[in-house]
Amino acid sequence: MVDRLTLTVNSRLARWLLLHDSRQQSLDGNQVWERPAIYSISEWMQQAWLQSWPEQHVLSELQSKHLWQKIIREDPATPELNLLHVQGAASQAFKAYQLIQEYRLPQEPEGFIHYTEETLVFRRWMTRYQKQLQEWRALDPAELMDALTVRMDQGHISPPNEIIFHGFDEITPQMQEWITLLKNKKVSIQFKPFEPSPVTSDQLKEIISNKQTTVQKYEDANEEVRQCARWIRSVYKEGETIGIVVPELEIYRERLEREFKAELAPESVYPWIEKHIPFNISLGTPLSHEPMVHLALLLLSQNSKRIPLLAFSTLITSPFLKLPDGEKQFRRNLDWSLRGGTITQVFLPQVLKQEERKKFPALTTLLDELMSWVDDTSFRLPSEWARGISKFLGKVEWPTSFETLSSQQYQVLNSWNECLDCLSSLDRILQKINRTQAVSHLTHIARETLFQPQTPEEPIQVVGLLESAGMEFDHLWVMGCHDEILPPFPNPNPFLPFLSHQKPFNLPHSTAEQELIFTEQTLFRLAHACKHLVFSYPTWQEETEMDPSPLLAPWVLKENTIQSSTSNKVQDHSGFAVSLERVEEFFPISVSPEEIDFIQGGTGILKNQAECPFRAFAIHRLFSRNKAFAELDMNDSLKGSMIHKIMELFWNQVRTSQNLHDLHDSNQLVELIRSCVEETMRFFNLDTERQKVFCQLEQKRLISLVDTWMEYERERSHFEVVETEQEKTVHLEGLPLNLKVDRIDRTTDGKTILIDYKTGHLLNLKKWFGERLEDPQLPMYSMDMNADSVAFAIIRRGDSRYRGLSSEENIIPKVSSNITRENPELKTWEDLKDFWNTGLKQLATEFLRGHLNVAPLHSDETCKYCDQNTLCRKTEVLSFSNGDKE
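Every value quoted in this text rests on a predicted model; they were computed, and no experiment measured them.

Caption draft 1: Up close: the overall build of the protein chain. From N to C terminus, the protein chain includes 34 helices and 25 strands. Taking 29 Å as the expected radius of gyration for a compact globule of 886 residues, we find that the protein chain reaches 37 Å, considerably beyond that expectation. Each principal axis of the C-alpha distribution contributes one length, and for the protein chain these read about 120 × 65 × 55 Å. By the burial criterion, 48% of the 886 residues in the protein chain qualify as buried. Intrachain contacts of the protein chain at a sequence separation of at least 6 include 76% that bridge at least 24 residues. Put simply, the protein chain has 96 plus and 126 minus side-chain charges, and the middle of one group is 3 Å from the middle of the other.

Caption draft 2: Broad picture of helix α28 (residues 669-683). In this model α28 runs 21 Å from its N-terminal to its C-terminal C-alpha over 15 residues, within 8% of the 21 Å that 1.5 Å per residue would give. Among all positions of α28, only Leu 669, Leu 672, Ile 673, Cys 676, Val 677, Thr 680 and Met 681 are buried. On its buried side, α28 packs onto α26 (636-654), α27 (657-665) and α29 (692-714). Following α28 by one or two positions, Asn 685 adopts a phi angle in the positive range, close to 55 degrees.

Caption draft 3: Region of interest: the environment of Lys 814. Inspection of the secondary structure assignment puts Lys 814 in the loop between β25 (801-806) and α31 (829-849). According to the relative accessible area criterion, Lys 814 is exposed, its value standing at 80%. With 588 residues separating them in the primary sequence, Lys 814 and Arg 226 have C-alpha atoms 65 Å apart.

Caption draft 4: Up close: the sheet that holds strand β5 (residues 162-166). Ordered in space as β2-β1-β5-β6, the 4 strands form an open sheet in which the pairing is parallel. This sheet does not close on itself; its edge strands, each paired only once, are β2 (38-40) and β6 (188-192). Across the sheet, the mean angle separating the axes of adjacent strands is 25 degrees when strand polarity is ignored. Running at roughly 95 degrees to β2, helix α2 (residues 41-51) makes contact with β1 (4-8), β2 and β5 of the sheet.

Caption draft 5: Molecular detail of the state of the cysteines. One pass over the full model with this rule turns up 0 disulfides. The closest cysteine sulfur to the non-disulfide-bonded Cys 481 is located on Cys 228, 11 Å from its own sulfur. Cys 481 gets classed as buried once you look at its relative accessible area, which sits at 1%. With no disulfide partner, Cys 676 has as its closest neighbouring cysteine sulfur the one in Cys 695, 18 Å distant.

Caption draft 6: Geometry of the nonpolar core. Trp 68, Phe 122, Phe 312, Trp 398 and Trp 416 are the most contacted members of the largest nonpolar core, which has 86 residues in total. With sequence-adjacent residues up to four places away left out, Phe 312 is seen in contact with Ile 307, Leu 334, Leu 338, Val 346, Leu 348, Val 351 and Leu 367.

Caption draft 7: Structural detail: the environment of Gly 601. One can find Gly 601 in the loop between α23 (593-596) and α24 (603-611). For Gly 601 and Leu 739, which are 138 residues apart along the polypeptide, the C-alpha to C-alpha distance reads 8.5 Å. Not counting residues up to four positions away in its chain, the partners in contact with Gly 601 are Pro 736, Leu 737 and Asn 738.

Caption draft 8: Main features of the pattern of salt bridges. Taken as a whole and assessed by the stated rule, the structure comprises 42 salt bridges. Arg 716 serves as the salt-bridge partner of Asp 745, at 3.0 Å between the closest nitrogen and oxygen. Separated by 29 residues along the polypeptide, Asp 745 in strand β22 (residues 735-747) and Arg 716 in the loop between α29 and β21 (719-732) bring together distant segments of the chain. The shortest N-O distance in the salt bridge between Lys 758 and Asp 756 comes to 3.2 Å.

Caption draft 9: Region of the structure containing the packing of helix α12 (residues 291-300) against helix α20 (residues 435-448). Direction vectors running N to C along α12 and α20 enclose 165 degrees, while the axes themselves pass 10 Å from each other. As judged from the angle between their axes, α12 and α20 are roughly antiparallel. In this structure, the crossing between α12 and α20 has a hand that is left-handed. Of the residues in α20, those touching α12 at Val 293, Leu 297 and Leu 300 are Arg 435, Val 439, Leu 442, Thr 443 and Ala 446. In terms of residue class, the contact of α12 with α20 is built from 6 nonpolar, 1 polar and 1 charged.

Caption draft 10: Region of interest: the sheet that holds strand β18 (residues 532-538). Taken together, 6 strands build an open sheet; the order of strands is β7-β18-β17-β8-β16-β9 and the sheet is parallel. Two strands bound the open sheet, and with one partner strand each, they are β7 (214-218) and β9 (279-281). Going across the sheet, the axis of each strand differs from the next one's by a mean of 15 degrees, ignoring polarity. Alignment of strand β8 (residues 242-245) against strand β17 (residues 475-478), held across 4 bridges, turns out to be parallel.

Cut-offs used in this document
Residues numbered from 1 in each chain as written. Predicted model: local features only at pLDDT ≥ 70, side-chain atom pairs only at ≥ 80, totals over all residues. Heavy atoms only, no water. Helix = DSSP H or I, 4+ residues; strand = E, 2+ residues; numbered from the N terminus. Rg over C-alpha atoms; globule rule 2.2 N^0.38 Å. Buried < 20%, exposed > 50% of the residue type's maximum accessible area, 1.4 Å probe, protein only. Contact = heavy atoms within 4.5 Å. Lys, Arg positive; Asp, Glu negative; His and termini not counted. Charge placed at Lys NZ, Arg CZ, Asp CG, Glu CD. Expected span 1.5 Å × (residues − 1). Pairing = 2+ DSSP bridges. Axes fitted to C-alpha atoms, helices over the stretch in contact; angles between N-to-C directions. Disulfide = S-S within 2.5 Å. Core = buried A, V, L, I, M, F, W, Y, C linked by side-chain atoms within 4.5 Å. Salt bridge = Lys/Arg side-chain N within 4 Å of Asp/Glu carboxyl O. Parallel < 35°, antiparallel > 145°, perpendicular 65-115°, else oblique. Left-handed = near helix turned anticlockwise from the far one by under 90°. Nonpolar A, V, L, I, M, F, W, Y, C, P; charged D, E, K, R; others polar.

Following this line, the structure appears as structure tokens:
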């Protein structure tokens with residue numbers, strides 16, 4: 001044992017003290033020195049216990065909580081408690097047992113029976129827990145100090161000559177017993193920065209006043225953090241330390257990291273620059289949030305050979321799985337081909353053709369190993385699953401080749417391996433489990449493991465309220481000091497009786513009085529730990545107005561003394577801004593003869609050109625498209641396509657309105673419709689086996705919908721269906737357009753009718769009469785085929801009808817020939833066709849000449865569902881134009 005030992009309340013304080021010792025050694029001119037014996041109390045006790053060759057082993061916190069979970073799940077009274085979360089209940093039980101040990105609470109059954117059902121059940125759980133510990137010859141983590149005291153009293157552990165307890169706000173009865181033993185063994189005991197003791201309100205007011213403390217008030221948390229970052233920049237000097245204490249660090253963490261980087265290390269926004277970050281944030285993020293670990297958990301969590309498309313896309317394109325250069329383009333194309341449709345799941349055995357399996361071995365290995373993994377139905381011990389998981393990830397070469405990993409990724413990998421070790425430690429508790437259970441436990445471990453990259457301790461420290469214990473700074477800022485957090489609301493443990501245990505023993509967080517005492521001690525300690533002290537709070541949290549902590553009310557300023565408008569962010573630097581030049585006209589980029597053969601599309605080209613020229617340019621010439629992942633395998637687009645297919649199959653057989661009437665009169669119509677629906681469902685590969693009930697309902701819906709539509713068809717005078725789904729290519733002013741007409745009818749007097757099926761929202765015919773043809777589909781068909789009537793067949797439950805225009809009345813019932821009503825300047829059908837012809841040619845000419853200005857026809861409506869906003873930068877363009885108009 002060492003002569004002098006420093007024990008800290010937490011690991012962060014131990015690292016902080018070691019940093020200060022190293023700096024002092026350097027200032028003293030030393031190049032080599034012995035590491036001082038500074039440890040967190042939990043770390044030192046573990047070491048001391050193991051070095052004494054004990055007969056009992058200490059459970060880890062993870063093992064203890066899982067044992068509590070097992071006991072809770074197996075207890076027959078658990079369902080009656082209506083527990084929302086067994087893991088949460090186990091965590092509270094773990095804390096309750098810890099409090100019992102630390103505060104010497106009564107464990108007799110009488111103290112638990114006469115209160116709530118929860119305390120009674122917990123007493124039964126605790127009895128089983130203690131019995132299990134005895135059988136295993138194990139100790140709960142909270143019992144280690146007692147066991148250490150006994151071993152030290154028996155002479156198995158030699159105490160040091162001096163122990164310094166650093167950063168302790170409270171000495172529990174359990175710890176006091178150990179300290180008493182140390183004193184009896186002549187061990188010198190010291191407390192730093194001072195011995196824990198109650199703080200009076202007068203003492204708190206005096207020390208805060210002596211620090212010339214101010215309480216700054218800001219509009220919201222963003223402004224509070226921003227001003228804090230600028231304050232750091234103004235007060236920082238080399239060799240000095242700055243502390244930022246945040247009671248709600250989990251809530252503030254993201255904005256703290258963002259604003260501090262922007263103000264204190266502005267060039268860190270550039271991903272290609274490795275900029276030194278001059279601050280540490282003590283709170284890590286869940287290991288499961290790290291991209292590399294998230295990918296591993298995603299891979300492990302697949303439960304069948306049919307996996308979600310989003311998961312499949314992530315796996316085949318991830319940089320953390322082997323991705324040879326020769327397979328990159330194939331995988332991108334495969335991913336792209338699956339998006340944008342109705343596919344929501346991928347069946348792994350059907351992904352690759354036989355010749356592709358030989359050509360792309362890395363992808364083949366990934367798919368084969370994943371299929372073998374999901375086929376594993378064995379039951380194994382957690383340690384065996386941990387080895388199996390490592391082996392499986394090794395086969396799929398996760399995380400790629402080690403040479404490509406950064407320093408942080410190496411640390412992530414080490415933390416992941418520690419999670420596997422934790423899983424292995426659960427053999428005795430969980431016994432044999434299946435693959436899904438093993439992955440579930442591993443996922444929970446990764447979520448509970450906070451990952452913080454190991455970086456050198458910096459002079460600027462961002463810590464939580466408890467982690468700040470024992471740390472000293474030259475400058476200190478405590479933020480988020482509103483009345484709901486200082487002091488916080490009481491949070492008593494639900495498994496300990498309140499009147500007999502929590503209140504009389506003054507347990508932490510049990511009462512408002514205890515929270516006040518704790519807060520006063522904490523504020524006193526913070527004031528004692530610095531030369532310059534600033535408090536702050538936001539006046540608004542979302543839509544809630546906040547007041548300052550009542551403990552800090554005397555020092556609230558009417559006007560802030562820390563309010564800087566000087567930003568150090570990259571975008572605010574004078575050299576970053578670029579003067580804008582106004583370009584009156586967009587320079588057209590004409591379609592070249594070489595490009596014309598690569599342009600694909602039908603009337604959608606004209607529609608996009610009418611609504612916004614840049615959209616047409618981006619989609620049809622730059623091929624910029626957003627193909628999103630389907631959320632449902634039966635979306636509106638598929639429903640529309642199915643109606644098209646049903647109508648095609650039906651009219652290819654029926655052909656004439658007379659045949660339609662004959663089918664109806666002979667009661668064969670519904671049966672034919674059913675046959676067409678069934679064939680359509682097979683055509684679209686609907687999963688009728690796995691979604692049997694849904695497909696039956698969808699079949700019933702389609703039959704009813706089509707049968708109802710046929711009532712409208714029977715109201716028409718005699719007609720013949722000449723073509724269905726006719727495809728052809730036409731050239732408009734040299735622009736090739738691929739057309740597909742849903743249906744062409746011909747009446748007995750030779751009139752040609754063009755019909756387009758629609759299942760969506762009601763169509764506005766005004767789009768055929770505007771300065772720019774917003775809906776050019778039927779006008780374009782009509783120009784090519786010299787139609788006498790154009791109509792949308794709107795097939796929708798409760799609102800089916802024909803809607804369009806005709807050259808004369810009664811070609812289609814309720815389809816008007818009143819063209820003048822829509823546009824007074826147009827008198828006849830020929831006038832309308834000439835109007836359409838001119839408009840269509842204008843759009844085609846614009847597209848070919850390269851008119852690509854950002855000019856949405858209806859700004860809000862046109863841009864609402866457009867996926868080119870990032871590319872067109874319409875916000876900047878339009879706001880610049882509107883500014884000029886003003």
